[in-house]
Amino acid sequence: MAEPIRTTCAYCGVGCGISAMPTGPRSVVINGDAAHPANAGRLCSKGTHLGETVGLTGRLLHPMVGSRRASWDKALDLVAKKFRETIARHGPDSVAFYVSGQLLTEDYYVANKLMKGFIGSANIDTNSRLCMSSAVAGHNRAFGEDIVPASYDDLDEADLIVLVGSNTAWCHPIVYQRIQAARAARGAKLVVIDPRRTETCEDADLHLAVKPGADVALMNGLLAWCVAEGMTDPAFLGDSVTAPDGFWDHIGTGHDLWTTAKTCDIAPALLEQFFRLFAATPRTVTLFSQGINQSIRGTDQVNAIINVHLATGRIGKPGAAPFSITGQPNAMGGREVGGLASTLAAHMDFAADNVARVGRFWAAPTMATKPGLKAVDLFRAIGEGRIKALWVMATNPAVSLPDAGRVREALETCPFVVVSDIIADTDTSVHADVRLPAAGWGEKDGTVTNSDRTISRQRPFLTLPGEAQPDWWIVTQVARRMGWRNAFAYDRPADIWREHARLTAYQNDGARLLNLRAWATIGNDAYDAMEPFRWGDTPFADGRFPTPDGKARLVLTKQMEVQAPLKDWPMTLNTGRYRDQWHTMTRTGLAPKLARHREEPLVEIHPRDAQALGIGDRDLAQVQTAQGSSLFRVMLSQGQRVGEIFTPIHWTDQVSSGGRTGLLPRPLVDPHSGQPGFKSTPASVERVATEWKGFLILRGQEPVKLPCLWSTKISVPGGALYEVAGNGDAARLEACLPKGERVEAIDQTRGTRRVAIIREGKLAGVLFITRTGLLPSRDWLIGQLSVEGVGASVLAARGPGSQPDKGATICVCFDIGLNQIVAAIREQQLLDVPAIGKAIGAGTNCGSCRPALANLLKETRQETLHAAE
Ligand SMILES: Nc1nc2c(c(=O)[nH]1)N[C@H]1C(S)=C(S)[C@@H](COP(=O)(O)OP(=O)(O)OC[C@H]3O[C@@H](n4cnc5c(=O)[nH]c(N)nc54)[C@H](O)[C@@H]3O)O[C@H]1N2
Ligand SMILES: Nc1nc2c(c(=O)[nH]1)N[C@H]1C(S)=C(S)[C@@H](COP(=O)(O)OP(=O)(O)OC[C@H]3O[C@@H](n4cnc5c(=O)[nH]c(N)nc54)[C@H](O)[C@@H]3O)O[C@H]1N2
Ligand code: SF4
Ligand SMILES: [Mo]
């Protein structure tokens, strides 16, 4: 029997090892790799269901010029010619690449080399700008190099774990499980600092619902407390840290408990509890992500966290570190090759000696000598006509950049846009002049670096579909055609890896900690067999930092005025992620199992705000900002702070008519990092009335545009489910039904319309609309897509003895819905999460739903108590 292929998960920066056993040309059985240090065999819901995403639905299989298929030769020649001509006419800064933390290190390396050493511009930026550039800037300011001074092992050894601005249970689930295991094993305490009460808070010892943007005040208040309590580390401060003038005076002024509590809008007693716990616990890891980074003061927020760790000597020791956890599978690899516009290569910046050194190494004809444009400025320059040729690789900026409406306009006006993607139609690629089919996960071959500096191999186990090619190949082909044949004469990813490793070691006398010298000469077989390894074991263990004087820097950070609500925009919009979707859903959207957790884009709002605005649960509401507006389904949530709303980032034109979060955020950025403040935009919300609602189930995946106000699509086994709502005559939706034998039940007085199309005894499509009443369970009807001999009775929408609606899927692995879990808790009087597992299986496989189960237990218990009162 064939051996499983060991590879790394396609999604988040946890970087879990996967064991993939192909079972056919486009099918695979996925298991966790027990030997991988990041996950020891565990996988979350997204990783577990990767197998559902390797089909060819929606794939881009051939190069396309406009809407016509082209040969690779023709497409590559065209890209090379257009870039060459634009550079000749307007100079190297008139072109740009916008790349991604989802490229492999080898892809990233050649794209960076081409732009910075050969085209001679640094206009290559990446979606990592939107993701962790504030952490990069913060590390550089504090340590002199972008070093993450923590590893997952530290989580196992910590006594206190503080999560700041991180919904770890949803976004880094295997890290969350590791934290839970550490708590079980050694009683580590968990504190979550997040304006929302997320599932990550469910089981925490403390949740501080901080006022958005007040984290600097919080951290400075914490530092002031540690100073006052004599809990700083004078020896470490003396030997290893320098402070700027006025630093300690600043911390000593206006950072008392009461002032801090007021600024952060947290009860003083609760804040004091946290301060005491922190001060008393030397082994503390403070893990942070987008709630900290994605702010117009993100870099200061990062440094405020690092300051506390430096001042208390909690760095470079087991179980004690500030820990910036990265989002994408290769965000760290991108940092290592220098793929940001503000870095050069291999942890070097644009200092003249670095430019000269890298230029020598590459034998580069035209080195970039200064940083290029950062993402938001880059797209502004495109909109203003200053950049005339753009190549987008492995990212979907029409959705994911702030003020995405302007980004779409910029893409439309740019004279030449190339998009390399695995999917044919994305909100970005519809603006492309040339689309290049890239190899996807399971096909591509190279390395990634996860959040804790562990480098692992992504290995192929599927053949390349159609004419798809790996990103490194596409880039080097264009580079060769632009005239740099020798500098891009790689035959395989291993050739690129060796060159990258050599560059990290090149004239590196120890000034740069990133040094992969040992890997610079490995053979192709050793590259293929590479085991996961972490570089830079425990950074700063010797109390030395990569600054000129060897000391770390405290950075003076000031809490900016937290803005009072504006008259037209009384709410604050926060944006982020769902447990089972990945970014713009081009891959997770293909997995029916992942679709059912959250089927529609929701705006979460506190019941008190909703009441004041006349908005009810499950209504539709328009969220508006100065940048744009979009429609969402309403979800009342006690977990929101009053005055603050939350929307998800995932929905696109390809799957829905609303939920376009990207149109809403301000394009304001942090002054140091250029990272946008996605988490806080002044907004308003308004109810939108509809006369009818309903759903449509269609066999197959062929996309259809529905003529109604609200439509969202999810994949289901055998087809697609659309939720719809609108005004006027709903009959027009019937035009979207396929041809075939038609059965219908139309009740004008109750305003219900039920139409089914049956072809050769199989259900081809159904439409259910109601103006007044309830709608039946979708589950049973979806099941009918895979049944033979369907008849008119399908309109009853339930079979003999069929079950009531399962509700939103909570446990993806065993397909168990909310209603089933609540029923089991009530009927079997279940008291804890393991008991639910024993009774119905939920939560016993990947474990991603365990926080949700804990929450349901609590809510159901409260309901029962109220009922008993
Ligand atoms: N399921 C899933 N997992 C993912 C991804 C995905 O798309 N889906 N994407 C990956 C990527 S690229 C990334 S970057 C990570 C992101 O992972 P996270 O950063 O954990 O995710 P987010 O939902 O963006 O935001 C985290 C939290 O920050 C909080 N927050 C907002 N404002 C503030 C504030 O002012 N202060 C504080 N303290 N908190 C605040 C939000 O309420 C939110 O709960 O997830 C990775 N993992
Ligand atoms: N409002 C708001 N906006 C945000 C955020 C937020 O919290 N709030 N978070 C930001 C963050 S942290 C991030 S990381 C970004 C993510 O945003 P994006 O990077 O725009 O999102 P993805 O959907 O991951 O886009 C990846 C694209 O690459 C394609 N692709 C997948 N694999 C490959 C491959 O191997 N090669 C090629 N060439 N293409 C491939 C996919 O089909 C998809 O079109 O969103 C940012 N935007
Ligand atoms: S936590 Fe989940 S999404 Fe992240 S790498 Fe592991 S399996 Fe993949
Ligand atoms: Mo990210």
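Residues numbered from 1 in each chain as written. Chains lettered and ligands numbered in written order. Predicted model: local features only at pLDDT ≥ 70, side-chain atom pairs only at ≥ 80, totals over all residues. Heavy atoms only, no water.

Explain unusual backbone geometry to me, and be specific about the residues and the numbers.
Of note, Ala-363 is a non-glycine position whose phi angle comes to about 50°, a positive value. By the secondary structure assignment, Ala-363 is in the loop between helix 16 (352-362) and helix 17 (375-383). The exposure class assigned to Ala-363 is exposed, which follows from its relative accessible area of 61%. The backbone of Ala-394 shows a phi angle near 60°, a positive value even though the residue is not glycine. (Helix = DSSP H or I, 4+ residues; strand = E, 2+ residues; numbered from the N terminus. Buried < 20%, exposed > 50% of the residue type's maximum accessible area, 1.4 Å probe, protein only.)

Describe in detail the site of ligand 2, supporting the description with residues and values.
Around ligand 2 sit 32 residues, and of these Gln-102, Ser-400, Asp-421, Lys-444 and Thr-584 come closest. Side-chain polar atom of Thr-395 to an oxygen atom of ligand 2: 2.9 Å apart, as the coordinates give it. Side-chain polar atom of Thr-586 to an oxygen atom of ligand 2: 2.8 Å apart, as the coordinates give it. Compared with its free state, where it exposes 920 Å², ligand 2 has 98% of that area covered by protein. Of the residues assigned to the shell around ligand 2, the class counts are 11 nonpolar, 15 polar and 6 charged. (Near = heavy atom within 4 Å. Polar contact = N/O pair within 3.5 Å; in protein donor to acceptor, adjacent residues only side chain to side chain. Areas by Shrake-Rupley, 256 points an atom, 1.4 Å probe, with all protein chains shown as cover. Nonpolar A, V, L, I, M, F, W, Y, C, P; charged D, E, K, R; others polar.)

Before we move on, could you go through the nonpolar core and cite the residues and values that matter?
Counting residues in hydrophobic clusters, the biggest one holds 67 residues, and the most contacted among them are Ile-193, Leu-218, Met-219, Phe-274 and Leu-310. Counting residues per element, this core draws most heavily on helix 8 (residues 215-228), at 9 residues. The two domains that each donate at least three residues to this core are domain 2 (64-129 + 338-446 + 468-505) and domain 3 (133-324). When neighbours within four sequence positions are excluded, Phe-274 is seen to be in contact with Val-162, Val-191, Ile-193, Leu-206, Leu-208, Leu-218 and Leu-222. Listed in part, the 54 residues of the second largest apolar core include Ile-124, Phe-350, Val-418 and Met-482. (Core = buried A, V, L, I, M, F, W, Y, C linked by side-chain atoms within 4.5 Å. Domains from an automatic or database assignment. Contact = heavy atoms within 4.5 Å.)

So, the environment of Thr-770: which residues are in play, and what are the values?
Positionally, Thr-770 belongs in strand 32 (residues 762-770). Linking Thr-770 and Gly-751, residues 19 residues apart in sequence, is a C-alpha distance of 5.6 Å. Contact partners of Thr-770, with chain neighbours within four places excluded, come to Glu-691, Trp-692, Lys-693, Gly-751, Thr-752 and Leu-775. Separated by 3.2 Å, the side chain of Thr-770 and the backbone nitrogen of Thr-772 make a polar contact.

Let's hear about the sheet that holds strand 9 (residues 189-193): which residues, and what values?
Spatially, the 5 strands line up as an open sheet ordered 10-9-8-12-13, and their pairing is parallel. Edge strands, defined here as strands with exactly one partner in the open sheet, are strand 10 (206-208) and strand 13 (321-324). The average undirected angle you get between the axes of adjacent strands in this sheet is 15°. Direction of pairing for strand 12 (residues 284-288) relative to strand 13: parallel, over a ladder of 4 bridges. Paired with Leu-287 across the strands is Phe-323, a residue of strand 13. (Pairing = 2+ DSSP bridges. Axes fitted to C-alpha atoms, helices over the stretch in contact; angles between N-to-C directions.)

Break down the pairing of strand 32 for me, with residues and values.
Strand 32 sits mainly inside the fold: 8 of its 9 residues count as buried. Where strand 27 (residues 692-699) meets strand 32, 6 bridges bridge the pair, whose relative direction is antiparallel. From the neighbouring strand, Ile-697 faces strand 32, where its bridge partner is Val-766. Sheet topology note: the strand 31 (residues 752-759)/strand 32 ladder contains 8 bridges and is antiparallel.

Lay out the site of ligand 1 with the relevant residues and their values.
Around ligand 1, the structure places 34 residues, and the nearest of them are Asp-194, Asp-215, Ser-289, Arg-577 and Gln-581. Within the backbone of Cys-171, an N or O atom sits 2.8 Å from a nitrogen atom of ligand 1. Arg-196 is positioned with one of its side-chain polar atoms (N or O) 2.9 Å from an oxygen atom of ligand 1. Residue assignment for the shell around ligand 1 shows that the elements contributing at least two residues are helix 6 (168-171), helix 13 (290-293) and strand 21 (571-576).

Talk me through the domain arrangement of the protein; I want residue IDs and the actual numbers.
By the assigned domains, the protein splits into domain 1 (5-53), domain 2 (64-129 + 338-446 + 468-505), domain 3 (133-324), domain 4 (571-688), domain 5 (692-796) and domain 6 (809-868). If you average the C-alpha positions of domain 5 and of domain 6, the two centres end up 31 Å apart.

Got a sec to walk through the environment of Ile-697? Specific residues and values, please.
Along the chain, the position of Ile-697 falls in strand 27. Its relative accessible area of 0% is what places Ile-697 among the buried residues. Residues Ile-697 and Gly-718, 21 residues apart in the sequence, show an inter-C-alpha distance of 9.9 Å. Ignoring anything within four residues of it in the chain, the contact list for Ile-697 reads Ala-720, Leu-721, Ala-764, Gly-765, Val-766, Arg-778, Leu-781, Ile-782 and Leu-785.

Outline the sheet that holds strand 3 (residues 27-32), supporting the account with residue identities and numerical values.
Pairing between sheet strands relies on hydrogen bonds along the backbone, with the strands arranged either parallel or antiparallel. Taken in spatial order, the 3 strands make up an open sheet running 1-2-3, and their pairing is antiparallel. Edge positions in the sheet fall to strand 1 (5-8) and strand 3, since each of these pairs with one other strand and no more. Sheet twist, expressed as the average angle between the axes of neighbouring strands with direction ignored, equals 40°. Note: strand 2 (residues 17-24) against strand 3, 6 bridges, orientation antiparallel. By the bridge assignment for strand 3, Gly-24 is matched with Ser-27.

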